[in-house]
Protein chains: 2
Amino acid sequence: MVEVSEALVSQVNKTLANSVPSPIRVVDDRFSKIDGILKLTLGEPDFSAPEHIKQAIIADVAADDSHYSPSQGVIALREAISDYLTERFDTPRYDPKSEISVTVGAAEAISATFQALFNPGDELIVPTPTFPLYESVAKMNHIEVIGLNTAPDFLVTPAKLTATIKEHPNAKAILLNYPSNPTGVTYSAAQLAVLADILREHNLLVISDEIYAELVYDEKHTSMAKLLPEQTILISGLSKSHAMTGYRIGYVVGPSALMNQIGKAHQSMVATAPGPMMAGAIEALRNGREDPVAMRTVYQKRRDFVLEGLAKAGFTAAQPGGAFYIFAKIPASLNTNDLEFVYDLAETVKLGIAPGSIFGAGGEGYIRISYAASTEKLQTAMTRLQHYVELKK
Amino acid sequence: MVEVSEALVSQVNKTLANSVPSPIRVVDDRFSKIDGILKLTLGEPDFSAPEHIKQAIIADVAADDSHYSPSQGVIALREAISDYLTERFDTPRYDPKSEISVTVGAAEAISATFQALFNPGDELIVPTPTFPLYESVAKMNHIEVIGLNTAPDFLVTPAKLTATIKEHPNAKAILLNYPSNPTGVTYSAAQLAVLADILREHNLLVISDEIYAELVYDEKHTSMAKLLPEQTILISGLSKSHAMTGYRIGYVVGPSALMNQIGKAHQSMVATAPGPMMAGAIEALRNGREDPVAMRTVYQKRRDFVLEGLAKAGFTAAQPGGAFYIFAKIPASLNTNDLEFVYDLAETVKLGIAPGSIFGAGGEGYIRISYAASTEKLQTAMTRLQHYVELKK
């Protein structure tokens with residue numbers, strides 16, 4: 001242990017120092033102290049990365065790819081991303097040389113984008129409930145976050161969007177994340193087209209985090225990069241689609257004049273992503289287009305199983321069209337709030353679930369269940385939940 | 001290609017937009033257009049990563065390490081870093097749980113540290129000539145950079161340090177980087193002890209980037225983490241010591257109250273470093289302590305060869321005690337400045353060398369030669385340089 005001068009501690013960055021630890025972490029830490037708890041709080045696939053992707057990484061390491069890669073990523077990966085987006089989501093063809101940056105996961109893509117495109121005081125519309133990272137990165141960059149409460153349908157409707165823009169005429173950008181973490185809700189092509197028209201009319205920059213695009217169960221995913229490319233910064237990555245969260249490969253694409261700036265921020269932030277991990281991403285996009293299909297089939301079965309289990313326990317949920325989350329309303333009969341509920345649930349039947357309120361306005365009274373867990377675990381979880389509800393009757 | 005709304009382009013972050021492209025990149029781009037040019041501009045080992053490190057990564061990938069690692073890095077790596085620093089550099093024992101974060105290279109360590117520990121307007125002393133990244137990251141975080149010109153010895157002397165602190169009594173921190181990129185100059189234990197006393201007296205935070213600590217040719221490297229741990233944030237990594245720049249594993253260590261904040265910034269910036277790359281770093285620190293020795297021997301021979309070649313051409317250099325750079329003074333007889341010189345040298349004899357002025361005040365009239373290149377290339381380079389000087393006589 002190292003002593004520290006107290007005067008130095010008091011001088012750290014105020015915004016960061018005042019940011020509480022990630023609320024999901026606080027909840028999770030409390031759960032972790034309960035013996036035998038079953039947690040459905042994690043936002044990552046329980047699958048491991050496909051074998052052919054692992055082999056591509058192994059071959060790349062064996063071939064001595066230990067030197068710096070180009071800052072924006074190896075060109076072969078940028079070409080693979082460009083082809084994938086066009087072929088899979090019908091986007092315009094993004095120029096691998098000037099319109100694509102490979103990042104250290106979607107997290108770094110968000111940090112670099114926020115740092116590059118906003119000035120202190122700029123206003124960003126963030127629909128809630130939402131993944132808490134956006135707000136914390138926005139705050140670090142002195143961006144004013146304007147909440148747009150999407151409850152109870154958890155969709156940005158044309159009416160809500162128009163009202164928010166009217167109330168905040170200086171808003172510069174909107175953050176979209178669909179399929180959504182935490183709600184699992186996503187948009188149809190028709191719904192998105194209406195939103196795109198409004199955003200075009202007001203010339204709002206769209207930062208569209210579509211990391212769950214491959215995990216869509218009903219209608220095919222529509223990208224904002226297809227509908228509104230001239231105003232869209234698309235953020236995505238391989239973590240969720242190919243169960244390779246730990247490899248940390250994400251990307252940002254958009255018009256070159258904006259990517260120029262994002263590329264500078266990315267370069268000074270991390271220099272470049274690791275070469276061997278990029279080799280895995282090339283393999284995933286070139287030869288692993290079917291990988292998400294198999295996982296999607298499993299996730300969909302789990303989703304349906306959990307929805308049914310929740311219904312039996314008296315919980316209702318907005319239609320979770322994608323990702324691997326269900327955002328469910330706690331029955332009024334339990335007469336509780338979401339924080340009290342999840343702690344009591346954890347202590348009574350050893351089941352750990354994220355409380356909705358930690359995802360911002362509109363999440364109060366809800367829980368987020370991640371079904372990126374084995375079918376066996378999900379069965380046990382539903383049994384415990386139903387047992388809990390029985391106990392409280 | 002994607003069209004873009006011009007209004008959106010004009011709204012990007014002003015600090016970043018006004019930052020010119022990295023000057024070394026501008027110079028390098030111009031060199032790249034010259035057929036048959038030999039460049040000694042790169043700051044990375046020409047060696048590949050050692051085989052046993054590659055095998056550790058391969059084994060880790062094969063063992064399905066494709067899930068998120070803990071945000072601050074796998075505990076086994078944090079323990080290896082703690083042991084390594086104590087055993088190799090006689091630092092206090094840093095607590096792996098609370099005083100160490102694993103980052104995506106030293107670059108991310110710098111970004112996270114600057115973001116976490118400074119408020120807008122804070123003053124940071126940066127000795128020059130210096131690696132340009134520090135200033136660009138500082139600017140993005142609205143930090144006021146106070147230059148301390150170290151020419152002509154390229155050492156921060158007690159007199160210069162005291163004068164700078166006196167002139168800037170509100171300075172909060174100093175950035176040290178030794179052995180230095182771009183000068184190759186480093187400090188003796190005695191020199192550092194005097195500086196540490198002054199820094200202690202003024203309670204200045206020290207951000208000490210010691211990424212080249214294993215590449216020291218004369219006296220053994222002394223870490224500021226040994227001399228002044230209560231005020232020091234130590235930044236380092238495996239890139240230079242183990243020739244694994246492309247694997248992107250760096251780290252930050254320091255007192256827990258400061259590391260707390262740096263860890264938060266790191267988490268929101270990149271979530272975590274990639275697991276397989278961390279497995280390589282564990283192997284490097286546990287079983288690769290001798291790896292740098294072999295490389296160091298080769299570098300030292302090259303250094304001596306280049307110093308001799310430079311002397312023959314009439315160039316003098318401050319004693320380059322570490323890293324793989326020589327910072328040499330262009331002979332007055334050539335009657336030129338460093339930018340003109342490097343472009344004329346490149347066009348006349350096809351040799352590309354970085355001009356000193358791009359590294360800030362004190363670098364004018366110098367060149368930086370990287371000897372992280374094969375002996376054969378260095379021989380050709382010295383022949384070309386000597387030929388150029390002959391031509392200009």
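Residues numbered from 1 in each chain as written. Chains lettered and ligands numbered in written order. Predicted model: local features only at pLDDT ≥ 70, side-chain atom pairs only at ≥ 80, totals over all residues. Heavy atoms only, no water.

Draft legend 1. Focus on the overall build of chain A. On a plain count of helices and strands, chain A comes out with 15 helices and 13 strands. The C-alpha radius of gyration computed for chain A amounts to 21 Å, which stays within 12% of the reference 21 Å derived for 393 residues, consistent with globular compactness. Its C-alpha atoms put chain A at 60 × 60 × 50 Å along the principal axes. Across chain A, the fraction of contacts at a sequence separation of at least 24, relative to all contacts at a separation of at least 6, is 76%. As displayed, chain A has an accessible area near 13900 Å², and 52% of this comes from carbon and sulfur atoms. Looking at charge distribution, chain A has the averaged site of its 34 positive side-chain charges lying 3 Å from that of its 44 negative ones. (Helix = DSSP H or I, 4+ residues; strand = E, 2+ residues; numbered from the N terminus. Rg over C-alpha atoms; globule rule 2.2 N^0.38 Å. Contact = heavy atoms within 4.5 Å. Areas by Shrake-Rupley, 256 points an atom, 1.4 Å probe, with all protein chains shown as cover. Lys, Arg positive; Asp, Glu negative; His and termini not counted. Charge placed at Lys NZ, Arg CZ, Asp CG, Glu CD.)

Draft legend 2. Fine view of the side chain of Lys54(B). Mapped onto the elements, Lys54(B) comes out in helix α4 (residues 51-62). Among the residues examined, Lys54(B) registers a relative accessible area of 4% and is labelled buried. Every residue in contact with Lys54(B), bar those within four places of it in the chain, is listed here: Val61(A), Ala62(A), Asp64(A), Ala49(B) and Tyr247(B). (Buried < 20%, exposed > 50% of the residue type's maximum accessible area, 1.4 Å probe, protein only.)

Draft legend 3. Structural context of the interface of chain A and chain B. With 86 residues of chain A in contact, the opposing surface of chain B contributes 86 residues. Taken together, both faces of the contact between chain A and chain B bury some 6900 Å²; the carbon and sulfur share is 58%. Salt-bridge contacts for Asp64(B) lead to Lys54(A); the nearest nitrogen and oxygen are separated by 2.7 Å. If you look at where chain A meets chain B, you find 53 residue pairs in polar contact (both at pLDDT 80 or more). Broken down by element, the residue count for the side of chain A that touches chain B peaks at 10 residues, all from helix α11 (residues 256-270) of chain A. Class assignment of the residues belonging to the side of chain A that touches chain B gives a composition of 44 nonpolar, 24 polar and 18 charged. (Buried area = accessible area lost by both parts, 1.4 Å probe. Salt bridge = Lys/Arg side-chain N within 4 Å of Asp/Glu carboxyl O. Polar contact = N/O pair within 3.5 Å; in protein donor to acceptor, adjacent residues only side chain to side chain. Nonpolar A, V, L, I, M, F, W, Y, C, P; charged D, E, K, R; others polar.)

Draft legend 4. Fine view of the pattern of salt bridges. As enumerated under the stated definition, the model contains 36 salt bridges over all chains in all. Salt bridges here are not isolated pairs; linked through shared partners, they connect Glu51(A), Lys54(A) and Asp64(B).

Draft legend 5. View of the pairing of strand β10 (residues 325-329) of chain A. All names here are of chain A. Where burial is concerned, most of β10 is hidden: 4 out of the 5 residues are buried. Relative to β10, strand β9 (residues 316-317) runs antiparallel, the two sharing 2 bridges. The residue bridging Ala317 from the neighbouring strand is Ala328, located in β10. Sheet topology note: the β10/strand β13 (residues 366-370) ladder contains 5 bridges and is antiparallel. The partner of Ile326 across the bridge, within β13, is Ile369. (Pairing = 2+ DSSP bridges.)

Draft legend 6. Up close: α11(A). The first and last C-alpha atoms of α11(A) sit 20 Å apart over 15 residues, in line with the 21 Å expected at 1.5 Å per residue. Phi turns positive one or two residues past the end of α11(A), at Ala271(A), with a value near 70 degrees. (Expected span 1.5 Å × (residues − 1).)

Draft legend 7. Molecular detail of the sheet that holds β13(A). With antiparallel pairing, 4 strands are arranged side by side in an open sheet as β9-β10-β13-β12 (chain A). A single partner strand is all that each edge strand has here, and the edge strands are β9 and β12 (354-355) of chain A.

Draft legend 8. Structural context of helix α9 (residues 189-201) of chain B. All names here are of chain B. With 13 residues, α9 extends 18 Å between its outermost C-alpha atoms, agreeing within 8% with the 18 Å of an ideal straight helix rising 1.5 Å per residue. Along α9, the residues classified as buried are Leu192, Leu195, Ala196, Ile198 and Leu199. Buried residues of α9, seen end-on, are gathered within an arc of 165 degrees and therefore sit on one face of the element. Exposed residues lying more than 90 degrees from the buried face of α9 are Ala190 and Glu201. (Arc of directions from axis to C-beta.)

Draft legend 9. Representation of the relation of the copies chain A and chain B within the structure. Superposing chain A onto chain B requires a rotation of 180 degrees together with a translation of 0.0 Å along the rotation axis, leaving an RMSD of 0.0 Å. Such values leave the two copies arranged in the relation of a two-fold axis. Proximity to the rotation axis, assessed at the C-alpha, singles out Ile58(A) in chain A; its C-alpha lies 2.7 Å from the axis. A shared interface surface links the copies, since 100% of the contact residues of chain A are contact residues in chain B too. (Least-squares fit on C-alpha atoms with pLDDT ≥ 70 in both.)

Draft legend 10. Quick peek at the UniProt feature "domain: Aminotransferase class I/classII large" (unreviewed entry) in chain A. Per the UniProt entry, the sites bearing "domain: Aminotransferase class I/classII large" (unreviewed entry) are residues 37-385 of chain A in this numbering. Taken as a whole, residues 37-385 of chain A contains 42% helix and 16% strand, while its terminal C-alpha atoms sit 13 Å from one another. (UniProt positions renumbered as here; feature names shortened; annotations may be inferred.)

Draft legend 11. Quick look at the nonpolar core. Ranked by internal contacts, the top residues of the largest apolar core, which has 142 residues, are Phe114(B), Ile233(B), Phe315(B) and Phe341(B). Top contributing element to this core by residue count: helix α6 (residues 105-117) of chain B, with 8 residues. Sequence-distant contacts of Phe315(B), defined by excluding residues within four places in its chain, comprise Leu310(B), Ala328(B), Lys329(B), Ile330(B), Pro331(B), Leu334(B), Phe341(B), Ile367(B), Leu385(B) and Val389(B). Core analysis: the second largest hydrophobic core is formed by 75 residues, Phe114(A), Tyr134(A), Leu175(A) and Leu385(A) among them. (Core = buried A, V, L, I, M, F, W, Y, C linked by side-chain atoms within 4.5 Å.)

Draft legend 12. Up close: the pairing of β13(A). Residue and element names in this part refer to chain A. Taking burial as the measure, the 5 residues of β13 include 5 buried ones, the bulk of the element. Pairing geometry for β12 and β13, over 2 bridges, is antiparallel. Directly across from Ala354, in β13, lies its bridge partner Arg368.

Draft legend 13. Here's a closer look at the sheet that holds strand β3 (residues 123-128) of chain B. Residue and element names in this part refer to chain B. With respect to topology, 7 strands assemble into an open sheet ordered β2-β8-β7-β6-β5-β3-β4, the strand pairing being mixed. Two strands in the sheet have a free side with no partner beyond their single neighbour: β2 (100-104) and β4 (144-149). Ignoring strand direction, the axes of neighbouring strands in this sheet form an average angle of 20 degrees. Against the sheet, helix α11 (residues 256-270) makes contact with β2, β6 (205-209), β7 (232-237) and β8 (249-253), and its axis sits at roughly 30 degrees relative to β2, the strand it touches most. (Axes fitted to C-alpha atoms, helices over the stretch in contact; angles between N-to-C directions.)

Draft legend 14. Quick look at the environment of Thr164(A). Residue and element names in this part refer to chain A. Of note, Thr164 is situated in helix α8 (residues 158-167). What makes Thr164 buried here is its relative accessible area of 9%. Residue contacts for Thr164: discarding those within four places in its chain leaves Ile125, Ile146 and Leu148. A distance of 2.8 Å separates a polar atom in the side chain of Thr164 from the backbone oxygen of Lys160.

Draft legend 15. Local environment of the domain arrangement of chain A. Residue and element names in this part refer to chain A. Entries for chain A in the domain assignment read domain 1 (6-48 + 291-392) and domain 2 (51-287). Here the C-alpha centre of domain 2 lies 25 Å away from the C-alpha centre of domain 1. Listed by partner, the interface residues are 33 residues for domain 1 and 35 residues for domain 2. Carbon and sulfur atoms make up 60% of the surface buried where domain 1 meets domain 2, a total of about 2700 Å² over both sides. Here domain 1 is connected to domain 2 by 2 salt bridges. Taken together, the links from domain 1 to domain 2 amount to 13 residue pairs in polar contact (both at pLDDT 80 or more). Listing elements by their share of the side of domain 1 that touches domain 2, those giving two or more residues are α2 (14-18), α13 (291-312), β10 and β13. (Domains from an automatic or database assignment.)

Draft legend 16. Here's a closer look at the environment of Leu148(A). Residue and element names in this part refer to chain A. Relative to the helices and strands, Leu148 resides in strand β4 (residues 144-149). Of the residues examined, Leu148 reaches a relative accessible area of 3% and is grouped as buried. Remark: the alpha-carbon pair of Leu148 and Asn170, spanning 22 residues in sequence, is separated by 15 Å. Ignoring sequence-local partners within four residues, the contact set of Leu148 consists of Ile125, Val126, Pro127, Thr128, Val156, Lys160, Leu161 and Thr164.

Draft legend 17. A look at the packing of helix α14 (residues 338-349) of chain A against helix α15 (residues 375-392) of chain A. Residues and elements named next belong to chain A. With their axes 10 Å apart at the nearest point, α14 and α15 run at an angle of 100 degrees to one another. Between α14 and α15, the crossing angle belongs to the class labelled roughly perpendicular. For the pair α14 and α15, contact is made by Phe341, Asp344, Leu345, Thr348 and Val349 and by Arg384, Leu385, His387, Tyr388, Leu391 and Lys392, respectively. Within the contact of α14 with α15, the residues separate by chemical class into 6 nonpolar, 2 polar and 3 charged. (Parallel < 35°, antiparallel > 145°, perpendicular 65-115°, else oblique.)

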